[in-house]
Amino acid sequence: LHADSAAPQELTAESVCAARERILSGLAEAGGFSTRELPWRGRALQVSHRAQPGGGFVSTVDDVTERRAIEDRITHLAHHDTLTALPNRMTFRTRLESALESVDDTAPCAVLYVDLDRFKPVNDTLGHQIGDLVLQAAAERIRSQLRETDLVARLGGDEFAVLVGHCHDIQEVTALAERVIQDLSRPITIRGLQVLIGASVSV
């Protein structure tokens, strides 16, 4: 099997012998067992080689595409909010700690705390389904105001936090906070309803 299926290696006696020697050499160094994962035609294949007591080896190929997808999904859920798909509180804390460790005069950072206004009445009068859609729309509006290097996370409820890196000018951060407030103050249309919320932002 080759990662580049568009250019398969010609199978000759010489190439097979060379591959066999490479595998046996690798097994000797790895204590008799080796495994690696290869992409192949959009799938993830796990290729394993196990040395045999009488000499030689046995190779197995397992399709682990679905397993990798499940593992990736579990990892994503551990670090992201399930409703908005934003990073969660734990991920935000990790990124913030990392930013604070490296912060200096050349790489200052700022944190914006965003609390939605009038969200509870929306939840109480229109129901949680509409409230969830409002939170998703609010998350997207906040994200749209940020640079790729910035991070917005949902801390819980209607609370969000933004980590702004390399912000040398407080006016730049203040302007960002004002844009977030203005964007969240525009009506949000949900299933034909116009919902009005707002936001309070501290830096």
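Right above here is the structure, for reference.
Not measured: the values here are computed from a predicted model.

Colleague: Report on the nonpolar core, specifying residues and quantitative values.
Modeller: A general trend in soluble globular proteins is that nonpolar side chains are found buried together. Counting residues in hydrophobic clusters, the biggest one holds 29 residues, and the most contacted among them are Leu 116, Val 134, Ile 142, Phe 160 and Leu 184. Contributing elements (two or more residues each) for this core: β4 (109–117), α4 (119–126), α5 (128–144), β6 (159–165), α6 (170–185) and β7 (188–190). At six residues, α5 tops the list of elements feeding residues into this core. Residue contacts for Ile 142: discarding those within four places in its chain leaves Val 114, Val 152, Phe 160, Val 162, Val 180 and Leu 184.

Colleague: So what about the packing of α5 against α6? Which residues, and what values?
Modeller: In the contact formed by α5 and α6, the axes pass within 9 Å of each other and the chain directions differ by 145°. When you trace α5 past α6, the crossing you get is right-handed. For the pair formed by α5 and α6, the contact residues are Ala 138, Arg 141, Ile 142 and Ser 144 on the first element and Val 180, Asp 183 and Leu 184 on the second.

Colleague: Give a detailed account of the side chain of Arg 154, specifying residues and quantitative values.
Modeller: Inspection of the secondary structure assignment puts Arg 154 in strand β5 (residues 151–156). In this structure Arg 154 comes out as buried when scored by relative accessible area, which is 13%. Polar contacts involving the side chain of Arg 154 include one to the main-chain carbonyl oxygen of Gly 157, which spans 2.9 Å. Contacts of Arg 154, omitting those with residues within four sequence positions, involve Asp 81, Leu 83, Thr 84, Leu 86, Pro 87, Asn 88, Arg 89, Leu 135, Glu 159 and Phe 160.

Colleague: How would you summarise the sheet that holds strand β1 (residues 33–40) if you had to cite specific residues and measurements?
Modeller: Taken together, the three strands give an open sheet; going across it, the order is β1-β2-β3, and neighbouring strands pair in antiparallel fashion. The strands lining the two open edges of the sheet, one partner per strand, are β1 and β3 (57–63). Averaged over all pairs of adjacent strands, the angle between strand axes in this sheet comes to 20°, irrespective of strand direction. Of the pairings in the sheet, the one linking strand β2 (residues 43–51) to β3 comprises seven bridges and is antiparallel in character. Counted as the bridge partner of Val 47 is Val 61 from β3. On top of the sheet, helix α2 (residues 65–79) reaches β1, β2 and β3; it is set at about 115° to β2, its chief contact.

Colleague: Account for helix α3 (residues 89–102), with residues named and values stated.
Modeller: Here α3 contains 14 residues, and its C-alpha end-to-end distance of 20 Å stays within 8% of the 20 Å for a straight helix at 1.5 Å per residue. Looking at α3, one finds that the buried residues are Thr 91, Phe 92 and Ala 99. Buried residues of α3, seen end-on, are gathered within an arc of 100° and therefore sit on one face of the element. Seen from the open side of α3, the exposed residues pointing more than 90 degrees away from its buried face are Arg 93 and Glu 101.

What counts as what
In this convention, every chain numbers its residues from 1, walking through the sequence in written order. Reporting of local features is limited, given that this is a predicted model, to residues whose pLDDT is at least 70; pairs of side-chain atoms are given and counted only at 80 or more, and all residues count toward the totals for whole chains, interfaces and linings. Just so you know, side-chain values use all the structure's heavy atoms and leave hydrogens and water out. Buried Ala, Val, Leu, Ile, Met, Phe, Trp, Tyr and Cys residues form a nonpolar core when they are joined through side-chain atoms within 4.5 Å. Whether a residue is buried, partly exposed or exposed follows from its accessible area with a 1.4 Å probe, protein chains only, as a fraction of its type maximum: under 20%, in between, or over 50%, in that order. Strands are runs of DSSP state E lasting at least 2 residues, helices are runs of H or I lasting at least 4, and numbering of each runs from the N terminus. Whether two residues are in contact is decided by their heavy atoms: any pair within 4.5 Å suffices. Orientation is described by axes fitted as lines to C-alpha atoms, over the contacting stretch for helices, and by angles from 0 to 180 degrees between their N-to-C directions. In a left-handed crossing the near helix is turned counterclockwise from the far helix by less than a right angle, and in a right-handed crossing that turn is clockwise. We call two N or O atoms a polar contact when they sit within 3.5 Å, provided that within protein one can donate a hydrogen and the other can accept it, with sequence-adjacent residues counted only if both atoms are side-chain atoms. In this analysis, strands are considered paired if DSSP registers two or more bridges between them. What a helix should span is 1.5 Å times the count of its residues minus one. Here the arc refers to the set of directions running from the helix axis out to each C-beta atom.

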